Amino acid sequence: METIDKIKQQIEENPILLYMKGSPKLPNCGFSSQASQALMQCGEQFAYVDILQNPDIRSELPKYANWPTFPQLWVDGELIGGCDIIMEMAQQGELQEVIKESVAKRAGDSAE
């Protein structure tokens with residue numbers, strides 16, 4: 001599978017997805033740590049991809065996303081942004097809303 005296809009599949013299959021350095025429990029950079037903490041505080045499940053373990057994704061995702069840095073948060077197939085945007089949204093209560101809407105959307109999908 002091509003790297004871009006793998007990225008598209010990950011984004012499609014995981015409604016809330018964080019591309020980061022390390023894991024939420026063992027982040028390998030301060031920005032990834034802040035982003036994953038903000039997401040965890042929303043109280044919902046999210047997927048992550050450790051780009052340090054996936055150098056192909058690390059090199060291709062910035063081109064695909066047109067976003068040069070990590071972490072990257074994707075919700076419902078759309079790039080939300082990096083650490084600064086995630087933190088700003090969390091402080092304003094917007095991140096929690098976006099995450100809750102995503103979860104509610106899936107709950108509605110499965111109820112139909």
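Bear in mind that the values here come from a model prediction, so they are computed numbers and not experimental data. (Residues numbered from 1 in each chain as written. Predicted model: local features only at pLDDT ≥ 70, side-chain atom pairs only at ≥ 80, totals over all residues. Heavy atoms only, no water.)

Notes on the nonpolar core
Membership of the largest hydrophobic core comes to 15 residues, with the highest contact counts inside it found for I16, L18, L39, L73, I86, L95 and I99. If you list the elements that add at least two residues to this core, you get β1 (16-20), α2 (30-40), β3 (72-75), α4 (83-92) and α5 (94-111). What I99 contacts, discounting residues up to four positions off in sequence, is I16, L39, C42, E44 and V75. (Core = buried A, V, L, I, M, F, W, Y, C linked by side-chain atoms within 4.5 Å. Buried < 20%, exposed > 50% of the residue type's maximum accessible area, 1.4 Å probe, protein only. Helix = DSSP H or I, 4+ residues; strand = E, 2+ residues; numbered from the N terminus. Contact = heavy atoms within 4.5 Å.)

A short note on the sheet that holds β1
Ordered by their spatial adjacency, four strands build an open sheet running β2-β1-β3-β4, and the pairing between neighbours is mixed. In this open sheet, the two edge strands, each paired with only one partner strand, are β2 (47-50) and β4 (78-81). Between one strand and the next, the sheet's axes are offset by a mean angle of 25°, whatever the strand orientation. Here β1 runs beside β2; their pairing, made up of four bridges, is parallel. Across the sheet, the residue bridging to L18 is Y48, located in β2. Strands β1 and β3 of the sheet are contacted by α2, whose axis makes an angle of about 165° with β1. (Pairing = 2+ DSSP bridges. Axes fitted to C-alpha atoms, helices over the stretch in contact; angles between N-to-C directions.)

Overview of the pairing of β3
Residues Q72 and W74 point to one face of β3 and L73 and V75 to the other, with burial holding for every one of them. Relative to β3, β1 is paired through four bridges, and the arrangement is antiparallel. Note that in β3 the partner of L18 across the bridge is L73. In the sheet, β3 pairs with β4 via three bridges, with the strands oriented antiparallel. Residue pairing in the sheet places W74 in a bridge with L79 of β4.

Interpretation in functional terms is not warranted from these geometric data alone.
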